[in-house]
Amino acid sequence: MALGLNRVTLIGRLAEDAALRYTPSGVAVLEGTLHGQEELFVGESVRMVEWYHRFEQIGKAAEYSAERPCAKGTPMVLDGSLEYSEWETPAGGKRSALKVKALQLAVLDVPADAVLGLNQVLVSGHLARDVVLRHTAAKEPVLELRLGLTNRFRDRQGQPQEKTHWLDVVLWRQLALAQQGARKGTGVVVEGRLFNEAWTDREGNKRLSTKVEARRVVTLARGTPNVNTPEDTANVA
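Reading the values: the criteria
Residues numbered from 1 in each chain as written. Predicted model: local features only at pLDDT ≥ 70, side-chain atom pairs only at ≥ 80, totals over all residues. Heavy atoms only, no water. Helix = DSSP H or I, 4+ residues; strand = E, 2+ residues; numbered from the N terminus. Buried < 20%, exposed > 50% of the residue type's maximum accessible area, 1.4 Å probe, protein only. Contact = heavy atoms within 4.5 Å. Areas by Shrake-Rupley, 256 points an atom, 1.4 Å probe, with all protein chains shown as cover. pLDDT = per-residue confidence, 0-100. Salt bridge = Lys/Arg side-chain N within 4 Å of Asp/Glu carboxyl O. Pairing = 2+ DSSP bridges.

In this section: the overall build of the protein. Scanning the protein from N- to C-terminus turns up two helices and 13 strands. Split into buried and exposed, the 237 residues of the protein put 38% on the buried side. Within the protein, counting contacts between residues at least 6 apart in sequence, those at least 24 apart form 62% of the total. By element, 50% of the accessible surface of the protein is carried by carbon and sulfur atoms, the whole surface being about 13900 Å².

The phi dihedral of K139 is positive, around 65 degrees, even though this residue is not glycine. The exposure class assigned to K139 is exposed, which follows from its relative accessible area of 71%. Backbone geometry places R173, a non-glycine residue, at a positive phi of 55 degrees.

A few words on the environment of K101. With respect to the secondary-structure elements, K101 resides in strand β6 (residues 94–107). On the accessibility criterion, K101 (28% relative accessible area) is partly exposed. Considered as a pair, K101 and E83 are 18 residues apart in the sequence and their alpha carbons are 6.1 Å apart. Beyond its immediate sequence surroundings of up to four residues, K101 is in contact with E56, G80, S81 and E83.

Before going further, it helps to spend a moment on the confidence of the model for the protein. Low-confidence regions, as indicated by low pLDDT, have predicted coordinates that should not be scrutinised in detail. Here the protein averages 85 in pLDDT, and 89% of its residues register 70 or above. Every residue in residues 222–237 is under pLDDT 50, and counting partners more than four places away or in other chains gives 44 contacts.

Turning our attention to the pattern of salt bridges. Between side chains of opposite charge, a pair can form when the charged atoms approach closely. Applying the stated criterion to the full structure yields 15 salt bridges. Here E140 and R173 are joined by a salt bridge, their closest N and O atoms 2.9 Å apart. Of the two residues, E140 is situated in the loop between β8 (134–135) and β9 (141–154) and R173 in helix α2 (residues 173–178); the sequence distance between them amounts to 33 residues. When salt bridges that share partners are traced, they join E38, E191, R193, E213 and R215 into one network.

A word on the pairing of strand β7 (residues 118–127). Of all 10 residues that make up β7, seven are buried, and the element is covered over most of its length. Direction of pairing for strand β1 (residues 6–14) relative to β7: antiparallel, over a ladder of six bridges. Considered in β7, the bridge of V8 is made with V121. Alignment of β7 against strand β11 (residues 187–200), held across six bridges, turns out to be antiparallel. Counted as the bridge partner of V121 is G192 from β11. Summarising the sheet, β7 and β9 pair through two bridges and their orientation is antiparallel. Residue H126 lies in a different strand from β9, and its bridge partner there is G148.

Mapped onto the elements, V131 comes out in the loop between β7 and β8. Overall, V131 belongs to the buried group, its relative accessible area being 10%. Sequence separation of V131 and K184 is 53 residues, and the distance between their C-alpha atoms is 7.7 Å. Dropping the residues within four chain positions of it, V131 is found in contact with L143, E144, L145, Q179, Q180 and A182.

Moving on, we come to the pairing of strand β10 (residues 160–172). Looking at chain direction, β9 and β10 are connected through 13 bridges and run antiparallel. Directly across from L149, in β10, lies its bridge partner H165. The antiparallel pairing of β9 with β10 creates a hairpin that spans five residues between the two strands, and G158 there sits at a positive phi of about 80 degrees. With two bridges connecting them, β10 and strand β12 (residues 206–220) associate as parallel partners. By the bridge assignment for β12, V170 is matched with E213.

Below, the structure is given as structure tokens:
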């Protein structure tokens, strides 16, 4: 069984002023958006890509972070995890979201014109279904893993609890070909980057989904793990 590794590290600048609010029960929540840039390599080509990722921090840590500079443009490093949630709409439909939960936030002492951009995800879990290889219009192989990350913890009464966070991991080109036989229940470790994918639902509403683009995948099995680290795995579509 795969371990429930769930870690996100982002370095960037605040795209807007971070806002502190309180829930009806009095819990502090700090919300903001980090913006950064990174280079994606595909063969001999290099492309500079911008990213924006929303985050939230909860509790005393949120109040502590709010006491420091949280204005637009502030350079920050975030260490956290991915948080999955689902709920029912008033119309009876089901919705879900994957958020970045900040465990630690730190302001960086760097020049105003310094180029910042680190977008790194390290997760492990089990496949929720068999994978299906497909090809884009440009005939590039791609597949998507539905990954379940199980978090075990104790509640305020000391009772053991479990929560599974579900996320979609996209694999491109040679990495996709290497994993095309992966089956439901297989344990994997994934290193990659966060990205947002825009789409339109059946009612014509625009939606945004947060996914992971894999750079490296390790299959967890008896004996020596199968490690796939092709260089040509970036999605520039």
